[in-house]
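Structural description and commentary
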Amino acid sequence: EARPLVLLEGERAHHAKATFFVLGERATLYPGLVRRIVAEGHLVGNHSYHHPHLDTLDRDEIDLEIHSTQRVLEGLVGRGAPLYRPPFTDAFDPFAPEELAVQMPALEAGYLFVGADVDPRDWSSPGAEAIASRIVDDVRAGGRIVLLHDGGGNRRDTVEGLRLALPRLEALGTPVVTLDR
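So, a few notes on the structure that sits alongside this text.

The rules behind the values
- Residues numbered from 1 in each chain as written.
- Predicted model: local features only at pLDDT ≥ 70, side-chain atom pairs only at ≥ 80, totals over all residues.
- Heavy atoms only, no water.
- Helix = DSSP H or I, 4+ residues; strand = E, 2+ residues; numbered from the N terminus.
- Rg over C-alpha atoms; globule rule 2.2 N^0.38 Å.
- Buried < 20%, exposed > 50% of the residue type's maximum accessible area, 1.4 Å probe, protein only.
- Contact = heavy atoms within 4.5 Å.
- Areas by Shrake-Rupley, 256 points an atom, 1.4 Å probe, with all protein chains shown as cover.
- Axes fitted to C-alpha atoms, helices over the stretch in contact; angles between N-to-C directions.
- Parallel < 35°, antiparallel > 145°, perpendicular 65-115°, else oblique.
- Nonpolar A, V, L, I, M, F, W, Y, C, P; charged D, E, K, R; others polar.

Counting its regular elements, the chain contains 7 helices and 4 strands. Going residue by residue from the N terminus, the α and β elements of the chain occur as α-β-α-α-β-α-β-α-β-α-α. Its C-alpha atoms give the chain a radius of gyration of 16 Å, within 12% of the compact-globule value 16 Å for 181 residues. By principal-axis analysis of the C-alpha atoms, the chain measures approximately 45 × 35 × 30 Å. Every one of the 181 residues in the chain was classed for burial, and the buried ones make up 41%. Expressed as a percentage of contacts within the chain between residues at least 6 apart in sequence, the contacts between residues at least 24 apart total 73%. Of the roughly 9400 Å² of accessible surface on the chain, a fraction of 55% belongs to carbon and sulfur atoms.

Among the structural elements, Ser-48 can be located in the loop between strand E2 (43-46) and helix H4 (59-77). Between the C-alpha atom of Ser-48 and that of Leu-107, which follows or precedes it by 59 residues, the distance is 14 Å. Setting aside residues up to four positions removed in sequence, Ser-48 forms contacts with Val-22, Leu-23, Gly-24, Glu-65, Thr-69, Tyr-84 and Pro-87.

Contact pair helix H3 (residues 31-39) / H4: the axes reach a minimum separation of 10 Å and the direction vectors enclose 70°. Regarding the angle of H3 to H4, the classification is roughly perpendicular. On H4, the residues touching Pro-31, Val-34, Arg-35 and Val-38 of H3 are Leu-73, Leu-76 and Val-77. Looking at the contact of H3 with H4 residue by residue, the classes come out as 6 nonpolar, no polar and 1 charged.

If you want it as structure tokens, here you go:
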């Protein structure tokens, strides 16, 4: 649990709130972390159960990915998560019928699809300063939803990039809030 807790500590230091899109399989491994996220005023959202490429699954498998995570979150925090961020949708085009078709099970079930318009590409390990600069530059350009990762390898640069970006965002007068604010 140490990696995501560091992110929570960094956000607490700047009075920032965030929305954490969690995987069902990770939530079952770290239930205390999910409860802590909610207890500290953050929001949780559904990011599927296993993080698959949804275009490789049939309708029943997609439903299982989404609804299994919903049940896990309901069991852990007493309520479901209406917000849904599908895996691998950093370049999602809602006007492309084949891409939209894969998301229809979630949309038809009433989930609210959440994308991101600030992607510092932290998963590519560009370094903490690059992550912070990309966040601030994209926010200055009008971006509002920042995408960061806590899985997929060592996330020290992501954590440090967030720590560098938060005071810069504060200096710009940009509040960091959950998606329901």
